[in-house]
Amino acid sequence: MWHRTVGVLEKSARGLEKAGEFVANTFGFNASEYDYVTSTMTKEQWEASKARAREQRRKSMAYLEQKEKEKKEEVVAADIGVTKDAL
C-alpha cells in the first residue's frame, strides 16, 4: 500500500511540475529579462553587440591585470621598506 501511495504522489508531482512549466512558459516567466530586445535584433546588430562585448571584456581584463601589477609593486615596496613611487 505504501509503495502505491508513493507512486501516486510521484506522478502527481510530475504532473504539477509540467503544468507549472506550461504556465511559466505561457506567461514568459522562463524568458530572459531582455528577450524582447534580443528577439528583434538583426544579424548586424548581433555582430556589433558581440564586438562591443569583446572590447569591454578586453578592457576589463587589462584593468584587472594593471590592478594586480600595482598590488604586486606595493607588496615588493613594502618588503624592501620604500614607497611604491620609489620603484
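Computed from a prediction, not measured in an experiment: that's the story for all the values here.

The rules behind these values
- Residues numbered from 1 in each chain as written.
- Predicted model: local features only at pLDDT ≥ 70, side-chain atom pairs only at ≥ 80, totals over all residues.
- Heavy atoms only, no water.
- Helix = DSSP H or I, 4+ residues; strand = E, 2+ residues; numbered from the N terminus.
- Rg over C-alpha atoms; globule rule 2.2 N^0.38 Å.
- Areas by Shrake-Rupley, 256 points an atom, 1.4 Å probe, with all protein chains shown as cover.
- Lys, Arg positive; Asp, Glu negative; His and termini not counted.
- Charge placed at Lys NZ, Arg CZ, Asp CG, Glu CD.
- Expected span 1.5 Å × (residues − 1).
- Patch = residues over 30% accessible without salt bridge, like charges linked within 9 Å, V, L, I, M, F, W, Y side chains within 5 Å.
- Salt bridge = Lys/Arg side-chain N within 4 Å of Asp/Glu carboxyl O.
- pLDDT = per-residue confidence, 0-100.

Chemist: Would you explain the overall build of the protein in this entry?
Modeler: Secondary structure summary: the protein contains three helices and zero strands in total. Ordered by position from N to C terminus, the α and β elements of the protein give α-α-α. Its C-alpha atoms give the protein a radius of gyration of 28 Å, more than 25% over the compact-globule value 12 Å for 87 residues. Within the structure as shown, the protein displays about 8200 Å² of accessible surface, and the carbon and sulfur contribution to it stands at 58%. Each charge class in the protein can be summarised by its mean position, and for the 16 positive and 15 negative side chains these summaries are 6 Å apart.

Chemist: When you look at helix H1 (residues 2-27) in this model, what are you seeing that I'm missing?
Modeler: Each α-helix turn comprises 3.6 residues. Residues three or four places apart therefore point the same way. Between its first and last C-alpha, H1 extends 37 Å over 26 residues, near the 38 Å set by a 1.5 Å rise per residue. Gly28 sits one or two residues past H1 and shows a positive phi near 80°.

Chemist: How do you make sense of a nonpolar patch on the surface when you look at a structure like this?
Modeler: Residues Phe22, Val23, Phe27 and Phe29 make up a contiguous nonpolar surface patch of roughly 500 Å² in combined accessible area. One can find Val23 in helix H1.

Chemist: Teacher, can you tell me more about the environment of Glu70 here?
Modeler: Mapped onto the fold, Glu70 is located in helix H3 (residues 43-80). Distance from Glu70 to Ser12, taken between C-alpha atoms, is 59 Å for residues 58 residues apart in sequence.

Chemist: Any chance you could explain the confidence of the model for the protein here in plain terms?
Modeler: Segments scoring low in pLDDT should not have their predicted coordinates read at a detailed level. This prediction gives the protein a mean pLDDT of 90; 97% of its residues lie at or above 70. Per-element confidence in the protein is highest for H3, whose mean pLDDT is 94, and lowest for helix H2 (residues 35-38), whose mean pLDDT is 84.

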